[in-house]
Amino acid sequence: MQMSGGGGPGMLRGPGAAGAGSRGRSREQPGRSSREQGAEQGAAGAEQQGAGAEQQGAGRAMRRGLRCGAAAASASSGLQLWLRLQAGGAAVLRGFVGAGEEALLAGEVEPQLRRRPYQDRHWDGAIHKYRETEKLHWSKESQEILQRVRDVAFPPQVPQLAQVHVLDLDKTGYIKPHIDSVKFCGCTIAGLSLLSSSVMRLVSEQNPQDWLDLLLERRSLYILRGPARYEFTHEILKDEESFFDGQKVPRERRISIICRNLPLPSS
Ligand SMILES: O=C(O)CCC(=O)C(=O)O
């Protein structure tokens, strides 16, 4: 089953291969993470208002774009899955930044990125052909954009990581399935996609037959919270596999700007 459109496009095509390696700062093996994350999930589930406002519109738009594919169990099960993830706080907000804002953010991180060569493979094996940095200081204009991200994505009063993660994937780069480590990241991951659209696949750790593809359009914001944060691995598909709704989604160089909150004390 395939769904697309509006603020929360998604597509269910069948299980992806889980099993990314753990990354010291923010990743751990799917399978080790869910149980120890229970305490945080309750808090995450209760805090939905940022993404919640988008959910009705997103649901409507997705129903409009519903299509069935060969691997899908049924149209309603895929929609149900996405609605469940949305109810937990997951969202994709199209056009969150404008073209000028995209150029501003990309231009601001470029000098820091340019100093580093693309790495073939992260030591944990999760990311291929990438370079990354953590950025603390931003121009006033960029800070305003990032504040919009924080306002919409994070529950109020939740301490956020001051450093923003900037990840630059080469055209040939991709990210394997993983769940961000609860040791380094709290209940919410919010990422802006710049320069290229891509497909993010979410796969349930418990039931790998439950999986969903999200079209991350260039300039969109995605929010992973609740079950999407803790119970599903996420990955960014490589160019050869980058299809959505039967259409090729060409993967160009992609910069993601990712805000996270601090791990909750219970984790
Ligand atoms: O590039 C993205 O949007 C995803 C990044 C990611 O999965 C991570 O850093 O854990």
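What you see is a predicted model; the values in this text were computed from it and never measured.

A.B. asks: Just checking my understanding: could you explain helix α6 (residues 140-153) for this structure?
C.D. replies: An α-helix turns once every 3.6 residues. As a result, residues three or four positions apart point the same way. Taking 1.5 Å per residue, 14 residues should reach 20 Å; α6 reaches 20 Å between its end C-alpha atoms and fits that length. Restricting attention to buried positions, one finds in α6 the residues Ile-145, Val-149 and Ala-153. Projected onto a plane normal to the axis of α6, the buried residues spread over an arc of 65° and lie on a single side. Residues Lys-140, Gln-143, Glu-144, Gln-147 and Asp-151 are exposed on α6 and point more than 90 degrees away from its buried face.

A.B. asks: What is the right way to look at the nonpolar core in this model?
C.D. replies: Across soluble globular proteins, you tend to see nonpolar side chains buried next to one another. Formed by 52 residues in total, the largest nonpolar core has its most connected members in Ala-190, Leu-202, Leu-214, Leu-221, Tyr-222, Ile-223 and Ile-257. With six residues, the top contributor of residues to this core is strand β4 (residues 164-178).

A.B. asks: When you look at unusual backbone geometry in this model, what are you seeing that I'm missing?
C.D. replies: A positive phi angle, close to 75°, is found at Leu-195, a residue other than glycine. Among the secondary structure elements, Leu-195 is positioned in the loop between β5 (188-194) and β6 (198-204). Under the C-beta neighbour-count criterion, Leu-195 is labelled partly exposed, with 18 such atoms within 10 Å. Located in the positive-phi region is Asp-245, a residue other than glycine, with phi close to 60°.

A.B. asks: Teacher, can you tell me more about the packing of helix α5 (residues 99-114) against α6 here?
C.D. replies: Packed helices, taken two at a time, are described by the angle their axes make and the gap between the axes. Here α5 crosses α6 at 115°, and the two axes come no closer than 10 Å. In terms of axis orientation, α5 runs roughly perpendicular to α6. Between α5 and α6 lies a crossing whose hand is left-handed. Contact residues: α5 offers Glu-101, Leu-104, Leu-105 and Glu-108, while α6 offers Glu-141, Ser-142 and Ile-145.

A.B. asks: Please explain the confidence of the model for the protein chain as it appears in this structure.
C.D. replies: Detailed reading of predicted coordinates is not advised where the pLDDT is low. Scored by pLDDT, the protein chain comes out at a mean of 77, with 70% of its residues at no less than 70. Counted against residues more than four places away or in other chains, residues 1-74, with its pLDDT under 50, gives 193 contacts.

A.B. asks: Before we go on, may I ask you to explain the pairing of β4 in this structure?
C.D. replies: A regular strand places its side chains on the two faces of the sheet in alternate fashion. Within β4, 11 of the 15 residues are buried, which leaves it mostly tucked inside the rest of the structure. Bridge analysis of strand β3 (residues 127-135) against β4 gives eight bridges, and the strand direction is antiparallel. Within the sheet, the bridge partner assigned to Lys-135 lies in β4 and is Val-164. The pairing of β4 with strand β12 (residues 254-260) spans five bridges and is classified as antiparallel. By the bridge assignment for β12, Asp-168 is matched with Ile-255. Sheet topology note: the β4/strand β9 (residues 232-236) ladder contains two bridges and is antiparallel. For Ile-175, the partnering residue across the bridge sits in β9 and is Ile-236.

A.B. asks: So what exactly am I meant to see when it comes to α5 here?
C.D. replies: End to end, α5 covers 21 Å across 16 residues, agreeing with the expected 22 Å (1.5 Å per residue, within 8%). Its maximal kink placed at Glu-108, α5 deviates by approximately 25°, while the proline Pro-111 follows within four residues. Listing the buried residues of α5 in full gives Glu-102, Leu-105 and Val-109. Elements that come into contact with the buried residues of α5 comprise β3, α6, β4, β5 and β12.

Cut-offs and rules
Residues numbered from 1 in each chain as written. Predicted model: local features only at pLDDT ≥ 70, side-chain atom pairs only at ≥ 80, totals over all residues. Helix = DSSP H or I, 4+ residues; strand = E, 2+ residues; numbered from the N terminus. Expected span 1.5 Å × (residues − 1). Buried ≥ 20, exposed ≤ 12 C-beta atoms within 10 Å, placed from the backbone. Arc of directions from axis to C-beta. Core = buried A, V, L, I, M, F, W, Y, C linked by C-beta atoms within 7 Å. Axes fitted to C-alpha atoms, helices over the stretch in contact; angles between N-to-C directions. Parallel < 35°, antiparallel > 145°, perpendicular 65-115°, else oblique. Left-handed = near helix turned anticlockwise from the far one by under 90°. Contact = placed C-beta atoms within 7 Å. pLDDT = per-residue confidence, 0-100. Pairing = 2+ DSSP bridges. Bend = angle between axes of the 7 residues up to and from the residue.

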